[in-house]
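# Geometric and topological summary
So the chains spell out like this:
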Amino acid sequence: MTETRPPKKKISVFNAFRRLVPVIYGATPIFFLVYTVISISHGLLWGVETMMQQRFFDTATLFAIGKNQFSTVLRALAFLGGANIFCQILNGVANYLPDMFAQKVIGRLTAGINKKMAKLDPIVFENTDKLDDINKAEQGKNNSIWFMFIFTTIFTFYLPYFLFMGWYLFTLKPILVLSIVIIFVPTLLTQIIRTKVFTKLEDKLAPKRREYDYYESCMVSREYFKETRLLGGFLYFKKLYLESLEALQLLRFKATMKTNLIELLMRLLTVIGFFTIFLMLFNALMKREITVGAFAAVTNSVGLLYSIMEEVVCRHIGHMAESMGSIENYLNFLDLKERRGTVVVAPIWGDITLKKVSFSYPNKEKPAVKDASFTLKKGETLAIVGENGSGKSTLIRLITGLYLPDEGHVFINGVDTRELGIEALYQNTSAVFQKYQKYQMTLEENITISDPLRKYDEKTLDGVCQKAGTTKEEASFPDGYNTMLSREFDGVDLSGGQWQRIAIARGFFRTHNLIILDEPTAAIDPYEETRVYNRFAEISKNKSAIIVTHRLGSVKLAHRIVVMKEGQIVQIGTHDELISGPGEYQRLYRTQEKWYIEGVGSDKKRTEKGAWKSHNIEETFA
Ligand SMILES: Nc1ncnc2c1ncn2[C@@H]1O[C@H](COP(=O)(O)OP(=O)(O)O)[C@@H](O)[C@H]1O
Ligand SMILES: [Mg+2]
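None of the values given here were measured: they were computed from a predicted structure. (Residues numbered from 1 in each chain as written. Chains lettered and ligands numbered in written order. Predicted model: local features only at pLDDT ≥ 70, side-chain atom pairs only at ≥ 80, totals over all residues. Heavy atoms only, no water.)

## Here we look at the packing of aromatic side chains
Any two aromatic rings considered together are summarised by their centre-to-centre distance and by the angle between their planes. One pass over the structure, following the stated rule, counts 30 aromatic pairs. Between the aromatic rings of Phe14 and Phe151, the centroid separation amounts to 5.8 Å while the plane-to-plane angle is 85°, which identifies the pairing as edge-to-face. Placement of the pair is Phe14 in helix 1 (residues 13-27) and Phe151 in helix 4 (residues 128-172), with a sequence separation of 137 residues. Summarising the aromatic geometry, the rings of Phe63 and Phe70 are spaced 5.3 Å apart at their centres and angled 50° between planes, so their arrangement reads as tilted. (Phe/Tyr/Trp six-rings, centres within 6.5 Å; stacked < 30°, edge-to-face > 60°. Helix = DSSP H or I, 4+ residues; strand = E, 2+ residues; numbered from the N terminus.)

## Quick look at the sheet that holds strand 4 (residues 407-412)
Strand pairing in a sheet relies on backbone hydrogen bonds, with the paired strands running either antiparallel or parallel. Pairing is antiparallel across the open sheet formed by 4 strands, whose spatial order is 2-1-4-5. On the outer flanks of this sheet lie strand 2 (369-376) and strand 5 (415-416), each paired with one strand and no other. With 5 bridges joining them, strand 1 (residues 352-359) and strand 4 adopt antiparallel strand pairing. In the sheet register, Leu354 faces strand 4, and the bridge partner there is Val410. (Pairing = 2+ DSSP bridges.)

## Some remarks on the pairing of strand 8 (residues 544-549)
Judged by how many residues are buried, strand 8 sits mostly within the fold: 6 of 6 residues are covered. Inspection of the sheet shows strand 3 (residues 381-386) paired to strand 8 by 5 bridges, in the parallel sense. Considered in strand 8, the bridge of Ala383 is made with Ile547. When strand 7 (residues 514-518) meets strand 8, the two strands line up parallel, connected through 5 bridges. Along strand 8, the bridge assignment pairs Leu514 with Ser544. (Buried < 20%, exposed > 50% of the residue type's maximum accessible area, 1.4 Å probe, protein only.)

## Focus on unusual backbone geometry
Phi is positive for Lys356, which is not a glycine, with a value near 45°. Residue placement: Lys356 occurs in strand 1. By relative accessible area, which is 55% here, Lys356 ends up exposed. Unlike most non-glycine residues, Asn413 shows phi in positive territory, near 45°. With respect to the helices and strands, Asn413 occurs in the loop between strand 4 and strand 5.

Next up, the structure:
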């Protein structure tokens, strides 16, 4: 599945920085200003400290040969000590600030993610690729913050320090500037090679890891457990599991060995580099081009320069490279399309009118709905029928304003759905879809979760349960509405049909002017579906309702039936009108008739299997 995805949009480090500045700096601008100033001063002060060292050594040597007064030495020492103490203080503050403010920034960004989520255009959720971005955005957010801190630190602390040192070395003797390069190159090379090796390793590991995870789940997950145990497959999976584990470890070991070897080589180069610098310095000292103080101070600081280089290149840049993937996810998430409607209160309930509505899914050429026009009247029960894939569900999403048409208009009581803000979308609507949720909560919670703010009593619950064809008296609900519907939490296990009826009850519970049943009955037999839809049509009086199905037998009671074929509305009318003339409806009806007519006149009670066959279609709808 992952193979067929288009490659992800790559974002360069600088682009990421440019885009994150307003998001993260914008969250607490004053802090970042303070941090930047402190960081720059800190970096420069490190350089100044080296200069102070030189001054101290120089005055001390001069004092030793009697060419200087002790007070001068003391003054130099005081400056050195002062610089050192000040440096320590700045260091403490610079370390403390990010932790303190990270919390604040994280809070702001989390709120930002939630706000963005709420504003997302629902069409975004149709794209699996984008769903991935959404899931990973949270992690990318945290990485983005640290990325910004590191990036800021590199430019406001390390860079000023290196520049200062470069300038200082240059004033001593221009060739000494080379020492920075000599230290820098091997460290950088090591890091580049390491990143390459590990990226390649990651590519190799991914499929192996999938295998490994799969075998593991075959052995321990609940769904596999019974069967794997039962069929004696456990040992077999264990063998495969251990083999893939071994393969994984071998790959990792090889990569680590390789990088360690390279690192060793590079360190050797660095040692040679150190030695060269030392020789250069010594040579300069002998020729009296630099003072003893400068010699001592620079020798002293070369070690520091090296460890800092290593810290920047290996730790910081390495981390940044590692987190780029998740930062991309975060930025892609921020780019997702938003819904921009300005009307936030749902229009007063009325007719819904579609005018020449067409819609295509992203990355699909053929429109899912084409040129659809009709009006759903206030209080009307409308059925939408058609074969699988004919565009019924898509039409529903257009009617409710969930999706916006590419062409044409949908008006809810005269208001174009394009003008509706996301807040206004669901205010009047309740729906039950084919893929409903099974919440691991009590029966009561499973029903009332669709409208948590609604006031209700037990009678309300009884009512919606009855409409959905279930009741708390069922044997499966030993604690009535308090029955826990989850085996994981010591509750009961329900059948698919029972879950379905609960989902329908949930749909009824929600306060609504329009209710939609989009094939929530697909998994149950046509007879049961018809019963549910009949009850539904009965109780939907005064409210607009849409029932969707590919089984025509269930929709006779609807005021009107919309027949869809390949995205287009091919017929609209009552059952009697549509059945009396030739057309798609009649064709579909004829092919399905046998489902209902077989075994006419036999016992009406349902038997275990295929019981619905024993019902005459006419009786079923009566
Ligand atoms: N999320 C989606 N992304 C891309 N294409 C889709 C998506 N959902 C449905 N389609 C396509 O749109 C057409 C209509 O689908 P749908 O409205 O679900 O039909 P129905 O509800 O009648 O079965 C089909 O060709 C289907 O493949
Ligand atoms: Mg559908």
